[in-house]
Amino acid sequence: MNSANLAIAILFTVLAGLSTGIGGLIVLLFEKTNTKLLSVALGFSAGVMIYVSFVELLFESRRLLILNLGPETGVWVNVIAFFGGMLLIAIIDKLVPSYENPHETHMLEEAASCPVDGSQKLLRTGIFTAVIIAIHNFPEGMATFVSAIQQPSLGLAIAIAVAIHNIPEGMSVAIPVFCATGSRKKALGWSLFSGMAEPVGAIVAYFILLPFLNDTVFGILFAGIAGIMVFISLDELLPTAREYGEHHLSIYGLIAGMMLMALSLIVLM
């Protein structure tokens, strides 16, 4: 195992997780949501995830699996792992109660105008949201870590996409906590906590998966990661981007994300 790649993988995962804190800072420093910018950014993140999933991860997964398992078995395992990743993240998403779903649209105006009344219900909402997002971020941390170990440039692309989509999640934690307590430290602290599941996912991947990692396991993981990211893009990022801004802005962001990902893969690979 390349020690440099290991250090890079851990760094990318930590930075991606810490981006939830950016959402917390935005809540505390700004009073108005730049919906157009946020819509483009979320579309951009989806574009990066979708492009890298279909062009790089699935392709590399199929190559590794066919090489190690044979043409017929390799293709079937590739497809099953891809949809298995989708099923995994769908199950995690299903565990989130709809009335406190952290992927619902949140505006900074909520924090700027809310009464600081010490509401225990609001505080519980914020803490519960932080815990749910932490659970949700766990497989994303594993995905970033595993990808960066194999190909640092690929891990960087995934880390950037994950970091962008973590920002509104940090907002969804910070807004109710700040409204309930009036404490900037608590709001920022809980938003950071929600992202720390990503480096925890990396640690779990390191201690549990690392001894078993070979080309076949990498092939299965890459396909599963592709399924997770495509599901997140279609189920969360693009719908949320449309809620924050105009439909076309999210699509422009998606195309820009795909273009940048294509160029970066050409330059970095």
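What you see is a predicted model, and the numbers here were worked out from it, not measured in a lab.

### Here's the deal with the overall build of the chain
For the chain, the helix and strand inventory stands at 10 helices and 0 strands. Burial status across the chain gives 53% buried among its 269 residues. Intrachain contacts of the chain at a sequence separation of at least 6 include 89% that bridge at least 24 residues. Carbon and sulfur atoms make up 72% of the accessible area of the chain, which totals about 12100 Å².

### Here's the deal with the packing of helix α1 (residues 3-29) against helix α7 (residues 184-195)
Between α1 and α7, the least distance of the axes is 6 Å, while the angle of their chain directions is 155°. Looking at the two axes, α1 sits roughly antiparallel to α7. Seen from above, α1 lies across α7 with right-handed handedness. Between α1, through Gly 17, Leu 18, Thr 20, Gly 21, Gly 24, Leu 25 and Leu 28, and α7, the contact on the second element is made entirely by Arg 184, Ala 187, Leu 188, Ser 191, Leu 192, Ser 194 and Gly 195. Partitioning the contact of α1 with α7 into residue classes produces 6 nonpolar, 7 polar and 1 charged.

### What about the pattern of salt bridges?
Under the counting rule described, the total for this entry stands at 1 salt bridge. Across the pair Arg 63 and Glu 60 runs a salt bridge whose closest N-O atoms are separated by 2.7 Å. Of this pair, Arg 63 and Glu 60 both sit in helix α2 (residues 35-69), 3 residues apart, which is roughly one turn of that helix. Here Arg 63 falls in the partly exposed class, since its relative accessible area comes to 41%.

### Here's the deal with the confidence of the model for the chain
Looking at the chain, pLDDT values average 79 and 83% of them are 70 or higher. Mean pLDDT per element in the chain: helix α4 (residues 109-113) is the minimum at 51, and helix α3 (residues 71-94) is the maximum at 91.

### A look at the packing of aromatic side chains
Considering all chains together, one arrives at 5 aromatic pairs under this definition. Ring centres of Phe 82 and Phe 83 lie 5.0 Å apart, and the angle between their planes is 80°; this geometry places the pair in the edge-to-face category. What makes Phe 82 buried here is its relative accessible area of 8%. Residue classification places Phe 83 among the partly exposed positions, given a relative accessible area of 48%. An angle of 80° between the planes, with centres 5.3 Å apart, marks the rings of Trp 190 and Phe 193 as edge-to-face. Taken together, the residues span about one helical turn, with Trp 190 and Phe 193 both in helix α7 at a distance of 3 residues. Note on Trp 190: relative accessible area 27%, which makes it partly exposed. Put simply, the rings of Phe 54, Phe 82 and Phe 83 pair up and form one aromatic cluster.

### Concerning the side chain of Thr 20
Structurally, Thr 20 is set in helix α1. A distance of 2.6 Å separates a polar side-chain atom of Thr 20 from the backbone oxygen of Ser 191. Each residue touching Thr 20, except ones within four places of it in the same chain, is listed here: Asn 137, Asn 166, Gly 170, Ser 191, Leu 192, Ser 194 and Gly 195.

### Considerations on the nonpolar core
Of all hydrophobic cores here, the largest spans 52 residues; its most connected members are Leu 57, Phe 145, Ile 158 and Ile 225. Going through the elements one at a time, α1, α2, α3, α5 (120-150), α6 (152-181), α8 (197-209), α9 (215-244) and α10 (247-268) are the ones with two or more residues in this core. Top element by residues in this core is α9. It accounts for 13 residues. If sequence neighbours within four positions are ignored, Phe 145 has contacts with Leu 6, Ala 9, Ile 10, Thr 13, Ala 202, Ala 205 and Tyr 206. In this structure, Leu 28, Ala 174, Val 177 and Phe 178 belong to the second largest nonpolar core, which totals 9 residues.

### Describing the environment of Arg 184
Relative to the helices and strands, Arg 184 resides in helix α7. With 155 residues separating them along the chain, Arg 184 and Leu 29 place their C-alpha atoms 9.8 Å apart. Residues contacting Arg 184, with those up to four places away along its chain left out, are Leu 28 and Phe 178.

### Remarks on the side chain of Thr 13
Here Thr 13 is to be found in helix α1. In contact with Thr 13, other than residues within four places in its own chain, are Gly 141, Thr 144, Phe 145, Glu 198, Pro 199 and Ala 202.

### Some remarks on the packing of α1 against α6
Their axes nearest at 6 Å, the elements α1 and α6 cross at an angle of 30°. Regarding the angle of α1 to α6, the classification is roughly parallel. At the point where α1 passes α6, the crossing takes the right-handed sense. Grouping the constituent residues of the contact of α1 with α6 by class yields 17 nonpolar, 9 polar and no charged.

Conventions adopted
Residues numbered from 1 in each chain as written. Predicted model: local features only at pLDDT ≥ 70, side-chain atom pairs only at ≥ 80, totals over all residues. Heavy atoms only, no water. Helix = DSSP H or I, 4+ residues; strand = E, 2+ residues; numbered from the N terminus. Buried < 20%, exposed > 50% of the residue type's maximum accessible area, 1.4 Å probe, protein only. Contact = heavy atoms within 4.5 Å. Areas by Shrake-Rupley, 256 points an atom, 1.4 Å probe, with all protein chains shown as cover. Axes fitted to C-alpha atoms, helices over the stretch in contact; angles between N-to-C directions. Parallel < 35°, antiparallel > 145°, perpendicular 65-115°, else oblique. Left-handed = near helix turned anticlockwise from the far one by under 90°. Nonpolar A, V, L, I, M, F, W, Y, C, P; charged D, E, K, R; others polar. Salt bridge = Lys/Arg side-chain N within 4 Å of Asp/Glu carboxyl O. pLDDT = per-residue confidence, 0-100. Phe/Tyr/Trp six-rings, centres within 6.5 Å; stacked < 30°, edge-to-face > 60°. Polar contact = N/O pair within 3.5 Å; in protein donor to acceptor, adjacent residues only side chain to side chain. Core = buried A, V, L, I, M, F, W, Y, C linked by side-chain atoms within 4.5 Å.

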